[in-house]
Every structure is written in structure tokens, then in C-alpha cells.
Amino acid sequence: MDDIEAELGISRSVGNEDFSDSSEDERVARKIRPPILLHSSTAQARAKESGFHESSRLCLKAIRDAMLHHHWQEAAQYLSAYSQTLEDTTVNKQSLACEIIWRLGTEILQHHPNSRLEDFNALYEQMKNSGVKNYAKICLEHSFHLLLNGHIYDAKRQLSVAASWRYGKQSVPQSLDLKLIHAYCGFLDYVIWHMKKSSVSEAEDNSSNREMHSYFRQASVTLQEIIAQPGVWDPFVLSYVDMLEFYNDQEEALKVLQNYAYNKDYPSNPNAHVYLYQFLKRHEAPPAKLISILKVLHHLVPSHELMQEYCYLLVNSVVPGHLEESLPVVFNLLDYPSWKNDLDTWNCLLTVMTVFKRKGLQHLIANEWKQRKDFWLTMHYRAYHGRKDSELNRELLLVKAKVAKLLGEHGKPDHFFKYKLLIIFIFLMF
Amino acid sequence: MPYCLICVCVCVWCVCVCVCVCVCVCVCVCVCVCVCVCSQEGYSEPCKQCGAVSWALSDGCQFFCRNCHNVIEKTQDVVDVSSFILNNKISSISSSSRKKTRREGGREWMVCEGFQFILKLQAEALVGLGVCPQFKTDVLWDFWKRYLQITRQAYTRSPVNSFTNTVYLSSESEPESAFLSEASDQTEPMSASGHSTDGRSSVCSGSLDAACYLSAKERKSRQLMNMPRTLALCHLALLWLREAITLADLLRLVSRRLIPYINVYEEFPEEMQFYGRDAIIFRVETIPSYRKVHGEALQMAEILQLPAFPPVTSDCLLHPALLSLRYLMEVNLPDELHSLVCRVIEKSAMGKESFLTFNPSKPKSTFLFYDLQAAALIIVTMKLLFKLDDHVEWTLSRKAVKKDDQGKKKTSKQGSKMFSLKAWYMTVHPALERARQREELFEARRPWKSKKVLIPAMKHKAVVLKRRRVVEQLQSSFHTLTGSVPEQQSSSPSSFQFLWGQEEDSDGPSLHHKRLNCMLEKRGKEKWLVNQAYWHTDLKRCHKKDCRDHYSELKHSLPRMYVWLLGLFSFLLRVSEAQVHKEVVEVERRLLLRKAVPEEDNHKHRKRKGRKTSSSF
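Residues numbered from 1 in each chain as written. Chains lettered and ligands numbered in written order. Predicted model: local features only at pLDDT ≥ 70, side-chain atom pairs only at ≥ 80, totals over all residues. Heavy atoms only, no water.

The next subject is the overall build of chain B. For chain B, the helix and strand inventory stands at 19 helices and nine strands. When the 617 residues of chain B are sorted by exposure, 54% land in the buried category. Across chain B, contacts joining residues at least 24 apart in sequence account for 72% of those joining residues at least 6 apart. Summed over its atoms, the accessible surface of chain B is roughly 29000 Å², and 53% of this surface lies on carbon and sulfur atoms. (Helix = DSSP H or I, 4+ residues; strand = E, 2+ residues; numbered from the N terminus. Buried < 20%, exposed > 50% of the residue type's maximum accessible area, 1.4 Å probe, protein only. Contact = heavy atoms within 4.5 Å. Areas by Shrake-Rupley, 256 points an atom, 1.4 Å probe, with all protein chains shown as cover.)

In C-alpha cells:
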């Protein structure tokens, strides 16, 4: 709980998701080249370029045009011609060409009607080995591609090959890639474990059971190691927790989730709190604990879908003061257009407001209303909205009308005049 | 210390081995440029025994049949080398020094031999395209021999030893006596080749003297060959023969691969081992520009100390009158325009032989851009006719259409007869844009890298070979993906890039037979141009040293139509717009300033001048 301020502080300082501290972030960011338009160049540069470079520039332009027009056949033709840039005698252009061919080539294969998985494999293998700088990245992408096509074991093999690969001195981006490769290695172990688990439960087989446990051990070691480093590790955390839960190690799971949510070194991550909440809810934790988690989440993401649950928890809570907190939560939720037409949210608001009215806390409603009067009227209560609601969701219209009635007690009644008129009209019609 | 040797030499020109006796003067490592005459050309009677025409020279200068080894009575005539190589004593042919290297089948070779081989291929290609056979046997060959003699690479009593500056590591301990030079004061023993099989060499090259081609200083002082110079020599030889292939055509043929230039080293015979530094000399990553080859040709003409070229007469295809006719056809302008162009040629005195003929021996002779000049003449004529100021030409074409309509009512429905610039523009512009697009895509697909791998250094060999393999795999995999063969443009060696007429694949309707009546009006007995005004940019010569052209500054103030026309010709001739503009100014200078007094000292770039004297036709 006391971490909220720190949490918010972090969220302000670390805008982008990255795995390391901010100073390293900056260094990495500085290393990343600004986007250059490779296919166009200044007239001055053009006068000096050789025919070969001119050809490759024009070819890249032709590929780009073909791709933009979804002419994959044509793009493949030009890429075949472009591959000669790999033989460029300047080292810079050579490595650039490698990356271009890798990225464009996979993109073209992705969309080309005749491409097969073997083509992908061949391209990845060739590009991996011709520009060693991108080896790790290409390996990772290759295994993603295999995963997408359901070749989990092949993907796993790719990753383990990549994990053991070393070339020269490790640079910063390279070590990041290797970290990711390591993480996905563990994740794939988990996926295999999961598959084994579902097959084992059907047929009680000792040997396959043992195999499954060995995968668990591998996965848990890797994942534990990865999760211990600050960063955003959502799928890895989830899989690790899943395994721990399977082996009934709730304590460890809770520890992991709490660390993931509250550790100051980690970048701010709303999902961390969501996972913790879901875990606790699964294991029937007391509402006070749940409320404390959701309170942090509310600060981070006021429009989160869990806010309705939070609201009901607050309303039903016996702790004094909780009830009062519930009203701003639901009002906040409706400030966001994504919840504008959501019946449940409006119902929630209606419930909360009736409870408040019953308990004689109308002044709080008036307070909230005063802040929002101007934009709520245009956002929720225009004749247009009424018409639209009547077409799509009559129930919503009714609930909104009821809320309007309650709100109308605090403002001038003519605020909702048009809206009410419309409602009456609509109800008379049907 | 002259002595006689029997030597075996392999001629790069005709790739035949011949054994001949020659007097060698100061043999160190001699440049061996064989002066054997190709057997077929020397003696072309069929063999009495087997009937084949395949003669070779024996060491006694006797002809023998390669087919049945029948030796005949005839001996080789004294070779009439050339009419203008005066000092043509065969002086430095020696191959006693030439020996097989330790590499299997490899032979020592000099860089100039490589160039000789390339020139031979280019000459053969040109002859195959229809240039007269003399081109190869006489003109280009003589130019080349003369070049070797003048730069003292061969045919000389005192050849410049190109090895003095190179350090060759000996891969064998025994000094080779043949390489111990008597003439040069070389002290260290040298090995035969730059490379060694065990890879201990420092200078890595297949040829013997690649190293001296790499230093810019030496290249300049000894006027060594380079790849653009092969084209320059071809251009000079074509000019000497007054062939119809202009420089722009030559470069287009090179670009279309009809003349070997890119990766020509692929064709080198097996025994000329090619790697290392040779790559830098022979590798081509760009087709030289028009300006570059022209400059090199001028330089070569100076180096060769050529006499005056054969005169460019009015029946010669390089004459502006004929060349401009060709370009008029190419850009779909009416034939009637040709007589006007001829008037401009006459007025500017550009049809004279003395003006057109290139004479390097005269100090102030200019080396003309024949094709550019013809294009410029057409542009100037167009300016005279239509003014091309984005205004007059459109008014005139409206008038032409109107007149056409009137004519139609009177006569039959034969379609329009009058030439309208607007109609012409509407026909040519889309065709030009299409051609530009086509050209760009052709350029994008152009293969530059050779299948034969160039190995810059032994230590990179594995990497280079691997890279080549990857490229080949990529190409084949993407190729199978596309399924069809990428249609390369049919490379028919046509001198025209556009096709006008009714055919299916033509670029548009032909306007060659349209009349220009609307542009001329009768006043008295003479016909006058309707358009009375003429504009031009500043004709004063800029004497700044580094000044090339002012086109980039001017471009935005020039009329669009004029710029478009420059663009059209710059596309056709593959030169920059600035260069065409420069040539236009040159023609205008001759036309307007030749006899005229420069009446106004004008600082404006564009000035208007009424043309009364020369507008009557």
C-alpha cells in the first residue's frame, strides 16, 4: 500500500517499457538509428553514387512500391534482384542489406500465396548466418514463426541453439536479445509442460509424468531467474504462477506476484496488480486485501474493467470510509468513452447512487456532479444519445434516465429537459 | 645485349599459341604482346590435305594446319602493322621468361593483356552488331598497339619495367634467372608471381603488375589503362571509321550488355588467373557517364598523338544533318522540320567539314559531342518555330487545330494534317513517362555481380564464397517463388528507343507526315516564321575555373516546355539536362553571335530578340 506514491513516481519517470534502468534506456535509445528513407536520397548523394548503388536504391524503391500495392509476386522478383547487395564491398551497406533482406523477405513470404514453411526456414537460416549482428534477433523471430505454425519442439530447438551462441563482445542490445531468448526458452518449457500435463491427466503414466516434472524443473529455474530481473514479464509470470499453483506452492506464487507488483525496481505495470488480484480472488482472500490491491490499480488505470468489481466491493464493505470511496470510482469509470454505452456500468452507478441516497449522502453525489456537469451533459445526455440508445439498447436508456432523475435533483431540472422530452416521446411511441 | 630466342607466346588477341623467333632486347620480364597475325586472316586457303582453314604458325614462321598438322611451303609475310606506327620494330616479344606458374594451368599475365582481351571482346561485339570488320583488325588494334608503344608498355626498345615498384615475396628459395633483369638495376631476386600456393604472399593478384595500377600517381604518370578507357578507345575507333554509333549509342549498348563491359573478366581464359588486386582494376560498379568517356577519349587521342580524323562529310552519319534526322524520327517530330534544321545548320555554319572533323594534332581543335549537338540543333529549331515560352507554342497549336478543322470541312475526313505541338506533347509525354518507368525498373533489376567470385584477399576467401552462395540460394528461392522468368527487356540492338506508328506495341501514332504550314506565313515572295521572337539564356562564356554550368540556378526560371524538351533528349541520350542545355547554348552562340555584333550587353539571363534576318525560309 505504501508503495503507491513510488509506483506512480516510477510510472512517470519510465514512460517506455524497457527492462533496465532509465540511464541504460537512454543509452540504448541513443544507439537506435533514426529512421532513414533508404530508397530516397539527396540529389547530391545521387550524383556520386555508383551504378550498383543506384540499382540497389531503385530496387529497394520498387520493392517498397510493390509491397505497398500488395503485389507480392513482383516484390519477390525484385527482392531476388536485390539480394546482390549482400555482395556490396562496403561493410556498412552489406550489414544494412542483410537486415533489409531479412525484414522484407519475411514480410513478402508472409503474404506470398505460394510460400511454404521451408522457404521461411531457408531464409531465416541464410540471414542468420550472413549477418551475425542480427543472429539473436533473427533466431527469436524464427522461433516465433515456428510457434505460430504450431511447431513447438522446433521452436524450442531454435531457441536453445540461439541461447548457446556467442559472438565477440556482447553489446547492450545483443544482451537484451539473449535475455529474451533465455526467457522464451523457459516459456516454451512451460508450454511443453502444459501440453504434457493435459495428456498425463488422461493416462496415468509414470515415465511421461517424470518427463513432465523435468520440464517443470527446467522451466521454473529459467523463469525464476528471468522474473527476478526488473522488467515486464507478464506471460512468464503467469506461466510460472500456473506451474506453482499446480504443484500447490501458493506461498511462493504469492511472493512472486507481490514482488512483481510492488517491487520498486520494476517498471509500473497494471497487469501485475491484476494478476495478484486474480490470484487472491482464486484463493478466496478477504475483501479488504482485494480492495487494497484494486486501490492501487485504480490509481494506475481508473478506467480498468475491474473497477466495477472494486466499486461493489467498496459498497459492500463494512469498513467505514470505503462506501464514500466507491462513488468517485464509478463516476471516473464513466468519464471514459469506452464505458459510455455499457449497461453494467450504468447499473453500477445507479446502485451506488441509490445506496447513497438511502444513507443520506446526497451531498457527495452533488459534489461529484458539480465537477462533471458540463461535459457529462454533452457526453451522455444529448438528444442524439437518447435516440441512439433507444435504437440499440432500450434498457440502457431506462437506466440512464433513472440516473438522470437522481442527478437532476442536484442541478437545475432544465439540464435534462431535452433528454427527458425525448425519452417521454420514445416511450409514448412504443 | 640482344640475342635470339625461340619463344612460345600465347596471343590474347586471337588466343592461339604460336612459336616464333624474335630478337629480344634486354629481357627482364618482358611484356609479351604477340604480334602474330591470326592465322585465318593471314592465309585463308583451305588445306590441301584436309580442306580445313585452320592455319597456325610454326616456329619457322611456316604455316601448318592445325587440323592435320600438314606443314606447307608458305611462310608468313612481313606484317604490315599500321600506316602510322612508324617505329614498329617488334622489339620486346619474349616468352622465354614467361613460364607456367606453379598453380595448375595458370599463366603469368600483365594487366594490359587483360585490357587487350577486353578490347578484343568489345571489338568482336561491335563487329557482330554490324560495324565493319576493319574496326577490329585495323583501327582498334592499331590504336591499341600505338597506345602500348607510346606508353612504353610494349613495342619499344626500352619498355618501362612495371615490376620495379612491386615487392613480390618469393615462395621458393631459388632465384629465377629469367627474372634477373639486365636492363633495370634490380637487385633483389623476384619470384614469378604475386601469390603463392601456400598463401604467404603480401601482394595478392593474378596478374604480374596489378600493384602499379593501384597507385594514382603511377596511373597518371604512365597513362595506364582503366575500364572507361576501353570504351573511350572504342569510341575513337568508331569515330575514325565514321560509323553511325555515337557515344550515347555506345553507352546504351554497354548498358544493354550488348557490348561486354560489366563483369567482362568472367570471359578471361582459364589460364589467366584472376583474383586479388586484379578485382579492383577490372571490377565495374558503374557504367561511365557520357562526359567521363568523352573526356577519356579526348585524353586518349592526345596520348596516342593521333593525326586528323577522316573528315565528317555530309554523307557521313555523324553529320548533324543526318543525325538530326534520326533524332527527329526518334521523337516523332514531322519530317518537314528537317529542312528547317538544315537551315539552322547552314546559318550557324555547323555543317562544315573543318568544324566537324576532329583533329587532335591541331592545338585548338574541339572534340564535338555529335549526338548532343544534333539534339541541340533540333531544340533550337523548335525554339525558332514555337518559341517555347509556355505561351506561344500553345497559341500556335490552337491555331493549327482550328485551321485543321476548317480544312476538314472543305476536304475529306482524313484526320488532322497540321502538326500541333499540343497533340505531339500529348503523344510523346506518356510514352516518355512509360519509358522512364521501364528504364528505372530495368535499372533496379540490373545484375552487377558476377557469378565468378572475386576474391579480394586470400583470407577473405571463405567469407566471399559463402556470401556468393547465400546470394545464389536467395535468388533461386525467390525465383521459384515467383514461378515465372522475370521478363528481361528484349535486347534487340535497335538505334531507336521509341516506336511510332500503327503497330500494336508502338508508343503512339506517328506524326512524321504532319505539315508545318501553320508556323509559316507568306510575306511577299518569301515564307516567314509566324513566331517572330526568340529568347535565349545568357550566351556569355563564364570564365570561372570551376564553373561547369549554371543550369541548376537557371532551371526554375526557364519555361517548362523547354525544360521538358531538354528532359526528353537527356533521357534519349542518357546525359544530364544541364549538358543538353549547355549544347543548346553552344549552338545559339554559333547561330546568333558568329557574325553579329553583340549589340546589347545583357546581364539578364533571358533576353528577347526579334529575328528578322534569318526567319525567312
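There is more to say after this.
A word on the pairing of strand 7 (residues 526-529) of chain B. Pairing between strand 6 (residues 520-523) of chain B and strand 7 of chain B: four bridges, direction antiparallel. Pairing of K522 of chain B across the sheet is with K527 of chain B, part of strand 7 of chain B. (Pairing = 2+ DSSP bridges.)

Next up on the list: helix 15 (residues 287-300) of chain A. With 14 residues, helix 15 of chain A extends 20 Å from end C-alpha to end C-alpha; this agrees with the ideal 20 Å at 1.5 Å per step. Of all the positions in helix 15 of chain A, only L290, I291, S292, I293, L294, V296, L297, H298 and L300 of chain A are classed as buried. (Expected span 1.5 Å × (residues − 1).)

The next subject is the confidence of the model for chain B. All names here are of chain B. When the pLDDT values of chain B are averaged, the result is 74; 69% of them are 70 or greater. Within chain B, the element-level pLDDT minimum falls on strand 9 (residues 607-610), averaging 38, and the maximum on helix 18 (residues 560-573), averaging 94. Note on residues 162-202: pLDDT is under 50 here. Beyond four places in sequence and across chains, it has 76 contacts. Throughout residues 596-617 the model reports pLDDT below 50, and contacts reaching past four residues in sequence, or to other chains, amount to 43 contacts. (pLDDT = per-residue confidence, 0-100.)

Turning to the pattern of salt bridges, a few remarks are in order. Applying the stated criterion across every chain yields a total of 36 salt bridges over all chains. Among the salt bridges present, the one from R468 of chain B reaches E87 of chain A, with a minimum N-O distance of 2.6 Å. Here R468 of chain B is found in helix 16 (residues 461-482), whereas its partner E87 of chain A is found in the loop between helix 5 (72-82) and helix 6 (91-111) on a different chain. The buried category is assigned to E87 of chain A, whose relative accessible area is 14%. For E296 of chain B, the salt bridge is made with K292 of chain B, and the minimal N-O distance between the two is 3.5 Å. Of the two residues, E296 of chain B and K292 of chain B both sit in helix 9 (residues 290-304), four residues apart, roughly one turn of that helix. It is possible to trace a salt-bridge network through shared partners that takes in E87 of chain A together with R468 and E472 of chain B. (Salt bridge = Lys/Arg side-chain N within 4 Å of Asp/Glu carboxyl O.)

Here the structure, examined in full by the defined rule, presents 35 aromatic pairs over all chains. Between the aromatic rings of Y184 of chain A and F187 of chain A, the centroid separation amounts to 6.2 Å while the plane-to-plane angle is 85°, which identifies the pairing as edge-to-face. Of this pair, Y184 of chain A and F187 of chain A both sit in helix 10 (residues 172-202), three residues apart, which is roughly one turn of the helix. Positioned above the aromatic ring of W535 of chain B is the side chain of K383 of chain B, whose terminal nitrogen or guanidinium carbon lies 4.0 Å from the ring centre. A cation over an aromatic ring shows up here: K449 of chain B above the ring of F52 of chain A, its NZ or CZ 4.5 Å from the ring centre. (Phe/Tyr/Trp six-rings, centres within 6.5 Å; stacked < 30°, edge-to-face > 60°. Lys NZ or Arg CZ within 6 Å of the ring centre and 35° of its normal.)

Residue and element names in this part refer to chain B. Look at N332: it is not a glycine, yet its phi comes out positive at around 70°. Overall, N332 belongs to the buried group, its relative accessible area being 0%. One non-glycine residue, L388, lies in the positive phi region at around 55°. Along the chain, L388 turns up in the loop between helix 13 (370-386) and helix 14 (392-410).

Take the packing of helix 3 (residues 134-150) of chain B against helix 6 (residues 227-240) of chain B next. Residue and element names in this part refer to chain B. Axis separation between helix 3 and helix 6 bottoms out at 10 Å; the angle between their running directions is 125°. It follows from the interaxial angle that helix 3 and helix 6 lie oblique. In the packing of helix 3 onto helix 6, the handedness of the crossing is right-handed. For the pair helix 3 and helix 6, contact is made by F135, V139, L140, F143 and W144 and by L233, C234, L236, A237, L238 and W240, respectively. Looking at the contact of helix 3 with helix 6 residue by residue, the class counts come to 11 nonpolar, no polar and no charged. (Axes fitted to C-alpha atoms, helices over the stretch in contact; angles between N-to-C directions. Parallel < 35°, antiparallel > 145°, perpendicular 65-115°, else oblique. Left-handed = near helix turned anticlockwise from the far one by under 90°. Nonpolar A, V, L, I, M, F, W, Y, C, P; charged D, E, K, R; others polar.)

The subject of this paragraph is a nonpolar patch on the surface. On the surface, L325, M329 and F496 of chain B cluster together to form a nonpolar patch covering roughly 230 Å² of accessible area. With respect to the helices and strands, L325 of chain B occurs in helix 10 (residues 320-330). (Patch = residues over 30% accessible without salt bridge, like charges linked within 9 Å, V, L, I, M, F, W, Y side chains within 5 Å.)

Here the focus is helix 2 (residues 111-128) of chain B. All names here are of chain B. If you check helix 2, its first and last C-alpha atoms are 26 Å apart, about what 18 residues at 1.5 Å a residue would give, namely 26 Å. Most of helix 2 sits inside the fold, with 15 of its 18 residues counted as buried. Looking one or two residues past helix 2, G130 carries a phi angle of roughly 115°, positive in sign.

With that out of the way, let us pick up the nonpolar core. Of all hydrophobic cores here, the largest spans 149 residues; its most connected members are F282 and W424 of chain B. Among the elements that make up this core, the one with the highest residue count is helix 13 of chain B (13 residues). Inspection of this core shows a minimum of three residues originating in each of domain 2 (108-154 + 205-306) and domain 3 (315-406 + 417-481 + 508-596) of chain B. Setting aside its immediate chain neighbours within four residues, F282 of chain B contacts W109, V111, G114, F115, I118, M227, Y265, F268 and F274 of chain B. Counting 90 residues, the second largest nonpolar core, distinct from the first, contains W165, I192, A219 and A285 of chain A. (Core = buried A, V, L, I, M, F, W, Y, C linked by side-chain atoms within 4.5 Å. Domains from an automatic or database assignment.)

It is worth spelling out the interface of chain B and chain A at this point. Of the residues lining the interface, 25 residues belong to chain B; the matching set on chain A comes to 33 residues. Across the interface of chain B and chain A, roughly 2900 Å² is buried in total on both sides, 57% from carbon and sulfur atoms. Ranking the residues of chain B by area buried against chain A places R467, F478 and L481 of chain B at the top, with a combined share of 24%. At the surface where chain B touches chain A, the tally comes to two salt bridges. Inspection of the chain B/chain A interface yields 16 residue pairs in polar contact (both at pLDDT 80 or more). For the side of chain B that touches chain A, the elements supplying multiple residues, two or more each, are helix 15 (421-445) and helix 16 of chain B. With 11 residues, the single largest contributor to the side of chain B that touches chain A is helix 16 of chain B. For the side of chain B that touches chain A, a count of residues per class yields 10 nonpolar, five polar and 10 charged. (Buried area = accessible area lost by both parts, 1.4 Å probe. Polar contact = N/O pair within 3.5 Å; in protein donor to acceptor, adjacent residues only side chain to side chain.)

Now for the packing of helix 6 of chain B against helix 7 (residues 247-255) of chain B. Residue and element names in this part refer to chain B. Contact pair helix 6 / helix 7: the axes reach a minimum separation of 10 Å and the direction vectors enclose 135°. By the angle between their axes, helix 6 is oblique relative to helix 7. Judged by the twist between their axes, the crossing of helix 6 over helix 7 is right-handed. Across from L231, C234, H235 and L238 in helix 6, the residues of helix 7 making contact are L247, L250, L251 and V254. Partitioned by chemical class, the residues of the contact of helix 6 with helix 7 number seven nonpolar, one polar and no charged.

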